Amino acid sequence: MQNFIDAYSWINIRFLLQGLWVTIEISVVSIIVSFILGTILGIIRYEKFKYFSAIVGFIIDIIRNLPLLLIIFFTYFGLPNIGIKPEIIPAAILAMSIFESAMVAEIVRSGINSIDYGQTEGALANGLTRWQALRIIVLPQALRNMMPALVSQFISLVKDTSLATIIVLPELMYHAQIIYGQNTNYIIPMFVALAVLYFIVCYSLSLLAKYLRRHLA
Amino acid sequence: MRKIWRLISAAFLGLVLLTCLSACGAKSVAEQDVLTTDQRTNRITWGVKADTRLFGLENIRTGKLEGFEIDLAKALTKKILGPNGKCTFVPVTSGTRVPLLKNGNIDAIMATMTITPEREKQVDFTHSYFDAGQSLLVKKGSPIKNIQDLNKPGKVILGVSGSNSVKNVAKFAPRARVLQLSDYAQAMTALKSKQGDALTTDNGILYGMAAENPHYEVVGGNFTKEPYGIAVNKNQNRFRKKLNWALDQVEKDGTYNRLLLKWFGHVKGFNYQEMKR
Amino acid sequence: MINLISSQWQPLLLGLWNTILCSVIALIGSLIIGTFFALLEISQKRVIRVIGSVYVEVFRNIPLLVIAMGFFLIVPMYIAKINGFTAGTIGLTLYTSAFIAETVRAGINSVETGQLEGALANGMTYTQAMRYIILPQAFKVVIPPLGNQFINLVKNSSVLAFVAGFDLMYQGNLIANDTLQTMPTYFIVGVLYLIITLPLSYYMRHLEKKLA
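Residues numbered from 1 in each chain as written. Chains lettered and ligands numbered in written order. Predicted model: local features only at pLDDT ≥ 70, side-chain atom pairs only at ≥ 80, totals over all residues. Heavy atoms only, no water.

1. Observations concerning the UniProt feature "domain: ABC transmembrane type-1" (unreviewed entry) in chain C
Cross-referencing UniProt, the feature "domain: ABC transmembrane type-1" (unreviewed entry) maps to residues 16–204 of chain C in the present numbering. Along residues 16–204 of chain C, the helical share is 84% and the strand share 0%, with 22 Å between the first and last C-alpha atoms. (UniProt positions renumbered as here; feature names shortened; annotations may be inferred. Helix = DSSP H or I, 4+ residues; strand = E, 2+ residues; numbered from the N terminus.)

What follows is the structure, encoded as structure tokens:
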């Protein structure tokens, strides 16, 4: 019990919260980037442009089917070989965005697929262009259908930032490791704190999604 | 048939892209002269440890890195760039330090890195700045007294992946099983969780751990010599020579001994007199 | 690259084997546990429903790394001596079971409620109706999403690298650190992961199209 009281001193809590802030920062930026990029990629894949869509689709499949850890290594250790040399936080954002964009693209593609093609045909018959039909008629419905899948993907994103401890990203998990590495009596208190903090962030994200769905629908 | 060809061409393109990402040589970094760039920007970027007591450890209160290597890096920076020279510290682990150096994220590694012939094929070292030796950390009262006690089937030794000590242990105790963790914080925690019978790495690091965890002790003496060197990229001879010169300077003017006393003077069991230069 | 493969194929193959082993064990384990909690979640008793959804929410909202490391570091101190592979596999099983519970629950919900009522009216007990009428239909619906869960599981098994679980990613890290040929090593490791996941993923898409 004494361990818990000592472990949750203000200094340690503040250190954890600093880590949590980095986690949130990276998550928010990556969510925005991967939502936009993923939607674009998903549409490219759905539209079946000659060759282009097939190539994009293949790259998406490669990225989707690799462990995130490898994407992190490829981004942080590999990109400098082609002249891009990101610092640790941009590197983490880049890795998360690349991986999650591919995941989102797949969700968007199957979301659009789930909408009856008759609707597009109807819109085209009414004089809309193909792009207008997609943007005005199909995408909004598809977005509503794929909301649950998207939200759980974004929750995964928040959780997966913890993997970037392996490249010494100063996020929540890493800061907890620094604390219990310096005093091993704090292992259990730190894991309890980690579980609670991640749970709060992820669960409030799903509550937010529920709220949005109710008020947008 | 056309569909198959399309798939094959796409697969080929994807493979080419991936190979480019992975295999392109790091030309740009090797061609730049680190010393010139650093002198222009008045800043040296060091790769250091953030989880190793006495050498490089993140202070939870201030968020700053502290330790012998940090202080030594600061002193060397001042010698090379003048009293206004600045340094940036990038925390690295044994696994990330060499890729980061090769990619040019850091200019030099000062992270408890032993000079070994294998590593010298990939990076260049300065002369040694600290003569460590590999030893063992066990729980007090443990039956293990030296490395021979571990050379039995069923014994588990903990180490850090990418460190030289896990390679040595395969030579000295080939019958034991070695578990490699990502950093020293994990390894120490795993020892405490009884995931292994002993933790092996260099004595300086182990004394730091023993100081923090009074139920653990360093045993068995040093069974290898582990001279630490500063690693720089190949073809950076000017920078390496300058670092060697700066090392000589801090050793001559007493800064080195002062730092040694500051960090190792009070460590129980550690003979810092022997290490004086 | 060829040098690397010829000198390191043994540890790589061992890693691949451990990754597959861990994934298969975790898949079977999480199918059983996941279905169990899915049944709890749709129970007619409120208390049981709450237990089910608390379990699912807890394991869905905590990172796998925290769960696996927790098992690796905390369990041996108090409960039992378990190694990294076991700790990682248990963590992976519990984590995945929460997702499978959600998938199976959605599958059960997709089966018409009239069928349950009909089965009950024909004299079946609740358990019998679930066992013979509802679950077989639900599993047909959930096979494609379950396949995707399995692909995720294979990818997530790389968390074993953090707990010295001797999986493919762990071996890859050791080889990369040992030979200092970072990118070629991870390239090979990536290809090995793709050999497992890519065909599975294409097969699942094919299946999805066929069932739709």
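2. A few points about the interface of chain C and chain B
Taken together, the 20 residues of chain C in the interface contact 26 residues of chain B. Interface area for chain C against chain B, summed over the two sides, is near 2,000 Å², with a carbon-plus-sulfur share of 61%. Taken together, the links from chain C to chain B amount to zero salt bridges. In this structure, the connection of chain C to chain B is made through five residue pairs in polar contact (both at pLDDT 80 or more). Among the elements of the structure, helix H3 (64–78), helix H7 (168–179) and helix H8 (182–211) of chain C are those that each provide at least two residues to the side of chain C that touches chain B. Tallied by class, the residues present in the side of chain C that touches chain B amount to 14 nonpolar, four polar and two charged. (Contact = heavy atoms within 4.5 Å. Buried area = accessible area lost by both parts, 1.4 Å probe. Salt bridge = Lys/Arg side-chain N within 4 Å of Asp/Glu carboxyl O. Polar contact = N/O pair within 3.5 Å; in protein donor to acceptor, adjacent residues only side chain to side chain. Nonpolar A, V, L, I, M, F, W, Y, C, P; charged D, E, K, R; others polar.)

3. Thoughts on the environment of A:Ile93
Residue and element names in this part refer to chain A. Positionally, Ile 93 belongs in helix H5 (residues 88–113). In this structure the C-alpha to C-alpha distance between Ile 93 and Val 29, which are 64 residues apart in sequence, comes to 7.1 Å. Apart from the residues within four sequence positions on either side, Ile 93 is in contact with Ile 26, Val 29 and Ser 30.

4. Quick look at the interface of chain C and chain A
Listed as interface residues are 36 residues of chain C and, on the opposing side, 38 residues of chain A. Between chain C and chain A, the buried area comes to about 3,200 Å², and carbon and sulfur atoms account for 72% of it. There are two salt bridges connecting chain C and chain A. Residue A:Asp61 pairs with C:Arg205 through a salt bridge whose shortest N-O separation is 3.1 Å. If you list the elements that add at least two residues to the side of chain C that touches chain A, you get helix H2 (46–60), H3, helix H4 (84–110), helix H6 (126–156), H7 and H8 of chain C.

5. As for the layout of surface pockets
In this structure, the second largest pocket encloses a volume near 1,000 Å³. As for the second largest pocket, its lining consists of 43 residues, and the residues nearest its centre are A:Glu87, B:Thr45, B:Thr88, B:Val90 and B:Asn105. Elements that contribute at least two residues to the lining of the second largest pocket include exactly helix H2 (10–47) and helix H8 (172–182) of chain A together with helix H2 (27–31), helix H3 (34–41), strand S1 (43–48) and strand S5 (86–91) of chain B. Looking at which element gives the most residues to the lining of the second largest pocket, the answer is H3(B), with five residues. In the lining of the second largest pocket, the residues fall into 18 nonpolar, 15 polar and 10 charged. (1 Å grid on protein atoms, 1.4 Å probe; cavity = no way out; pocket = protein on both sides within 12 Å on 5 of 7 lines; lining within 4 Å. Points joined across faces, edges and corners; volume = space filled by probe spheres on them.)

6. Overview of the UniProt feature "transmembrane region" (unreviewed entry) in chain C
All names here are of chain C. With numbering aligned to this structure, UniProt lists the feature "transmembrane region" (unreviewed entry) at residues 16–40, 61–79 and 186–204. Overall, residues 61–79 shows 79% helix and 0% strand. The separation of its end C-alpha atoms is 25 Å. With 100% helix and 0% strand, residues 186–204 has its two end C-alpha atoms placed 26 Å apart.

7. Considerations on the packing of helix H3 (residues 52–64) of chain A against H5(A)
Residue and element names in this part refer to chain A. Two numbers describe how H3 lies on H5: the axes approach to 9 Å, and their chain directions differ by 115°. Classified by chirality, the crossing of H5 by H3 is left-handed. Along its contact with H3, which presents Ile 60, Ile 63 and Arg 64, the element H5 presents Ile 98, Phe 99, Ala 102, Met 103, Ala 105 and Glu 106. Looking at the contact of H3 with H5, its residues break down into seven nonpolar, no polar and two charged. (Axes fitted to C-alpha atoms, helices over the stretch in contact; angles between N-to-C directions. Left-handed = near helix turned anticlockwise from the far one by under 90°.)

8. Considerations on the packing of aromatic side chains
Scanning the model with the defined rule gives 21 aromatic pairs over all chains in all. Each ring, one from C:Tyr55 and one from C:Phe59, has its centre 4.9 Å from the other, and the planes form 50°; the classification is tilted. A residue pair is termed a helical-turn pair when its members lie 3 or 4 positions apart in one helix, as C:Tyr55 and C:Phe59 do in helix H2 at four residues. Joined through ring pairs, the aromatic side chains of B:Phe55, B:Phe68, B:Tyr129, B:Phe130, B:Tyr228, B:Tyr256 and B:Phe264 make up one cluster. (Phe/Tyr/Trp six-rings, centres within 6.5 Å; stacked < 30°, edge-to-face > 60°.)

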